[in-house]
Structure formats: C-alpha cells, structure tokens
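Structural overview for review
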Amino acid sequence: MSKRKLVVVGNGMTGVRVVEEILALDGGDQFDICVFGDEPCPQYDRRMLPELLAGTRQERELTMHPFSWYTDWEISLHCGSRVTEIDRASHIVYARNGRRARYDMLVLATGARSQLPPLAGIYGEMGKPRAGIFSFRTLEDCRHISYAASSARTVAVLGGGPYALETACALRRRGCAVHVVHRESQLMHPMLDAARGGFLHARLSELGVQVHLGRTVTEVLGDQHVSGLAFSDGEPLDCDLIVIQEHFHPDIEIGIRAGLTIENAIVVDNHMRSVDDHDVYAVGQCAQHRGKVYEYVVQLWEQAAVCAQHITGRGRQLGFCGSHSRTTLNIAGTAYSLA
C-alpha cells in the first residue's frame, strides 16, 4: 500500500520535533515526509544563539540534525524554500523559489518572525533599516551582529525578556558596553515576581550591563549609521549598535492567505488541527490554543507529541489541554524557573 504524503512547513525546533515524534511512532511506514525550511541550513538549536554570539559556542555545535539525518530517514528537505501559498482544495503547497509539494496531511510550524518597531529614524534611505540596527532571531542575524559587534563601542539592547537579557550578557562578554532598555518597570514581568526581577537587575549590574527601566524610546538618532536613542524623558543614550529583542510576532501570513481562522495565531483544537481544515495542523508559536500562544520549547514539544500521535493514530492519543510544564532559563549565570 502506498504511503501518504506528509508535508511539514518549518525546519525549526518545533517542526522537526513533530517529525521526530512521528518517526518514533513508526510513522515513516505511513508517510513520505517532506520538510520545507526558510533558512539555507539544517536544523539548529536557536536557544544557543546567544552563546554563539558570546563566542562560547561554535556554529557546528548548534546543529541538531545534519543533512545526513534527513537522508538516513528518507526525508525530502527543501532548505531556503519559504512556503508562501497553500492550495487547500488541491492539497499543494508552493514555495517562493518555485518548489511545490502535494500533501495528504500538512503541519505548519512557521514559528515567529521579528518586526522592527515603528520608531522615528529606524529606517534610512530606500526604506531599509539604518546601519547598526539588527533584530536577533536567526543564525544569519547572529553572524551579522557578531561582525558589527567586533567594532562597536556601545550597544543598546531593546527588550526586557529572557532572550534580550541573554543577548545583552553575550555582548558584554565580547567586551562591549551594554545597555538594556525596557519600557516596563521590571525585567521579565510578569514571568518573574518583583523580588526575583530585582535580583536579576542587580545581577546584570554586577556583570556590567546597565539597565534602563520604564523608558520609552521615541527616536533612533544618527545619519547613515545609528548614533543613539532618544527617550520620552531624560537624556538620550549614545550607542553605535542597536539589537532589538522585542516585537516578535507569530508568522501566520501563510495561514491568512490560506483562509484559516486567525486570531493572534492559527486557531487549533486539542489535537493541534486547524479548526477549519482537519488535514492542516499548526504547532508552536504560529498556533493558538484556547486563546493562548505558547513560546517555550518544553511547551511546544508537548504540542508536537500530541500532533504526531493524532496524525499517526498511534500512541496514547493525548489531547493538548494547555501546558502546565515549567521552563528553566539560565540568565546571567542564574537559573530561573518559569511557569
């Protein structure tokens, strides 16, 4: 009996986790598996990017599955192929580079994308971001920031979440003067209470990272290259490199164009199926379950397990009912447990 065709859109940690779970359930006997990925590389651990930026990891250490893994499992991998259209009637996905694939079952694991904030001065000529401004989400972003940081004197990191703080510590380790700018009055609010947020603030100060809380950026200063930030209150901050670690949004454009129900992300049921089309699943940061979008790896892998069990019809046939797992993040040398 011929195998059915499973297409996974997203070669990141969640999309490949779905594939791993399916293979563990002998789903390779049921499906010919095809994976599309935006980036021109095999799967890597995005959580280690700050360590790569700090110089404590090498790029090869981030790789989770080399190209040979896909070959060994007879998985068709299309790197550098961003899927832009889904023909749900014909069960075909189309990539921007002309590739296409037919599916019987489709998993969307497109994650989140960075978006520059609407600040005055953030764009230069030709509508491109001014030199010295970076968002930080991908391996390619890390390479660009690393190169820029080699000659930067002062860096401003916008954002007060865990990845912003890990980025700040990485840049400080490289020898840059680092300022964290956060519009809220506490770091990592509401993930940490006031006491732990204050402890984290003090720990960053010990490491030489200056933290500016409750400050709203109004303008990026500079001509061809950034030279600083202006605020709604107080003196401006001089800097020659800005790393934006906020304004990440679910990457749901493909779901919108396909006519799937969208709120903050693609709305799914307890089996991670789209509520509109039971041949289409969504997992990870592009999926919304019971009004909530999850972002931490342990939670997304729970979704991947549920999705794989339902797709294969094997396993315990769990339903995702909202994650109660706790995640531990290591920031500035201290572990923090988050619900």
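Please refer to the structure placed before this passage.
The numbers attached to residues start from 1 for each chain and follow its sequence in the written order. With pLDDT at 70 or above as the cut-off, local features in this predicted model cover only qualifying residues; side-chain atom pairs require 80 or more to be listed or tallied, and sums for whole chains, interfaces and linings still use all residues. Side-chain descriptors were evaluated using all non-hydrogen atoms of the structure, hydrogens and water having been removed beforehand.

Details of the overall build of the chain
Going along the chain from the N terminus, every DSSP run of H or I of four or more residues is numbered as a helix, and every run of E of two or more is numbered as a strand. Regarding its fold elements, the chain presents 9 helices and 22 strands. For the radius of gyration, the atom set is restricted to C-alpha positions; the globular benchmark scales as 2.2 Å times the number of residues to the power 0.38. For the chain, whose C-alpha radius of gyration is 21 Å, the value lies close to the compact-globule estimate of 20 Å for 339 residues. Principal-axis analysis of the C-alpha atoms gives the chain an extent of 70 × 45 × 35 Å. Accessibility here uses a 1.4 Å probe with only protein chains present; expressed as a share of the type maximum, an area under 20% marks a residue as buried, one over 50% as exposed, and anything in between as partly exposed. Here the chain holds 339 residues, and the buried ones make up 53% of them.

Focus: helix H7 (residues 194-206)
Think of an α-helix as turning once every 3.6 residues; residues three or four places apart then point the same way. Relative to the 18 Å expected for 13 residues at 1.5 Å per residue, H7 spans 18 Å between its end C-alpha atoms, a close match to the ideal helical length. Inspection of H7 places Gly197, Leu200 and Leu204 among the buried residues, and these make up the whole buried set. All buried residues of H7 project into a common sector of 60 degrees when viewed along the axis, lining one side. Residues of H7 that are exposed and point over 90 degrees away from its buried face: Ala194, Ala195 and Glu206. Of the residues one or two after H7, Gly208 is the one with positive phi, at around 90 degrees. Here, expected helix span is obtained from the residue count minus one, scaled by 1.5 Å. Within this analysis, the arc is defined by the directions that extend from the helix axis to the C-beta atoms.

Things to note about the packing of helix H1 (residues 13-24) against helix H9 (residues 297-312)
One can describe the packing of H1 onto H9 by two numbers: an axis separation of 8 Å at closest approach and a directional angle of 40 degrees. With respect to H9, the element H1 is oriented oblique. As H1 runs across H9, the sense of the crossing is right-handed. Two secondary-structure elements touch here, H1 through Met13, Thr14, Arg17, Val18, Glu21 and Ile22 and H9 through Val297, Leu300, Trp301, Ala304, Ala305, Cys307, Ala308, Ile311 and Thr312. For this classification, Asp, Glu, Lys and Arg are treated as charged, while Ala, Val, Leu, Ile, Met, Phe, Trp, Tyr, Cys and Pro are nonpolar and the rest, including Gly, are polar. Each residue belonging to the contact of H1 with H9 can be placed in one class, and the counts come to 11 nonpolar, 2 polar and 2 charged. Fitted lines through C-alpha atoms give the axes, limited to the stretch in contact for helices. The angle between two N-to-C directions lies from 0 to 180 degrees. By definition in this entry, angles of less than 35 degrees are roughly parallel, angles greater than 145 are roughly antiparallel, angles of 65 to 115 are roughly perpendicular, and the rest are oblique. Two helices cross in a left-handed way if the nearer one is turned anticlockwise from the farther one by less than a right angle. They cross in a right-handed way if the turn is clockwise. We call two residues contacting when some pair of their heavy atoms lies within 4.5 Å.

Comments concerning the packing of aromatic side chains
Ring pairs shown here join Phe, Tyr and Trp side chains whose ring centres sit within 6.5 Å, with only the six-membered ring taken for Trp; geometry is labelled stacked below 30 degrees between planes, edge-to-face above 60, and tilted in between. For the coordinates displayed, the defined rule picks out 2 aromatic pairs. Considering the side-chain rings of Tyr294 and Phe320, the 5.4 Å spacing of their centres and the 85 degrees angle between planes classify their relative orientation as edge-to-face. Highlighted residues: Tyr294 in the loop between strand S20 (287-289) and H9 and Phe320 in the loop between H9 and strand S21 (327-331), separated in sequence by 26 residues. Judged by its relative accessible area of 6%, Tyr294 falls in the buried class. The class of Phe320 is buried, set by a relative accessible area of 3%.

Focus: the environment of Leu213
The topology assignment puts Leu213 in strand S12 (residues 209-213). Discounting chain neighbours no more than four positions away, the residues touching Leu213 are His182, Glu184, Ser185, Gln186, Leu187 and His201.

Some thoughts on the pairing of strand S4 (residues 83-87)
Pairing analysis gives 4 bridges linking S4 to strand S5 (residues 92-95), with the strands arranged antiparallel. Note on S5: the bridge partner recorded for Glu85 is Tyr94. Should DSSP find at least two bridges between two strands, the strands are regarded as paired. Between S4 and S5, which pair antiparallel one after the other, the connecting turn spans 4 residues, and His91 there sits at a positive phi close to 60 degrees.

Some details on the pattern of salt bridges
Note on definitions: salt bridges are taken to be side-chain nitrogens of Lys or Arg within 4 Å of carboxyl oxygens of Asp or Glu. On inspection of all chains with the given rule, the structure shows 20 salt bridges. In this structure, Glu20 engages Arg17 in a salt bridge whose closest nitrogen and oxygen atoms are separated by 3.7 Å. Separated by 3 residues within a single helix, Glu20 and Arg17 lie in helix H1, roughly one turn from each other. Here the residues in one salt-bridge network are Glu85, Arg113, Glu253 and Arg257, joined through shared partners.

As for the sheet that holds S4
Spatial strand order, S4-S5-S6: 3 strands in an open sheet with antiparallel pairing. Each edge of the open sheet carries a strand with a single partner, namely S4 and strand S6 (100-102). Here the average twist between neighbouring strands, direction ignored, is 15 degrees.

Describing the layout of surface pockets
Quantified by volume, the second largest pocket comes out at close to 560 Å³. Along the walls of the second largest pocket sit 21 residues, with Pro50, Glu51, Glu166, Asn330 and Ile331 positioned nearest its centre. Of all the secondary structure elements, the ones that give two or more residues to the lining of the second largest pocket are helix H2 (49-54), helix H6 (162-173), H9 and S21. Taken together, the residues of the lining of the second largest pocket break down into 12 nonpolar, 5 polar and 4 charged. A cavity here means a set of points on a 1 Å grid, drawn over the protein atoms and nothing else, where a 1.4 Å probe fits but cannot get out; a pocket is an open set with protein on both sides within 12 Å along at least five of seven lines, and a residue lines either one if it has an atom within 4 Å of a point. Grid points are joined across faces, edges and corners, and a volume is the space filled by probe spheres set on the points.

Here's the deal with the sheet that holds strand S7 (residues 105-108)
Read across the sheet, 5 strands follow the order S3-S2-S1-S7-S19 without closing on themselves; strand pairing throughout is parallel. On the outer flanks of this sheet lie strand S3 (76-78) and strand S19 (280-282), each paired with one strand and no other. Pairwise comparison of adjacent strand axes, ignoring direction, gives a mean angle of 15 degrees for this sheet. Where strand S2 (residues 31-36) lies against S3, 3 bridges are found, and the strand directions are parallel.

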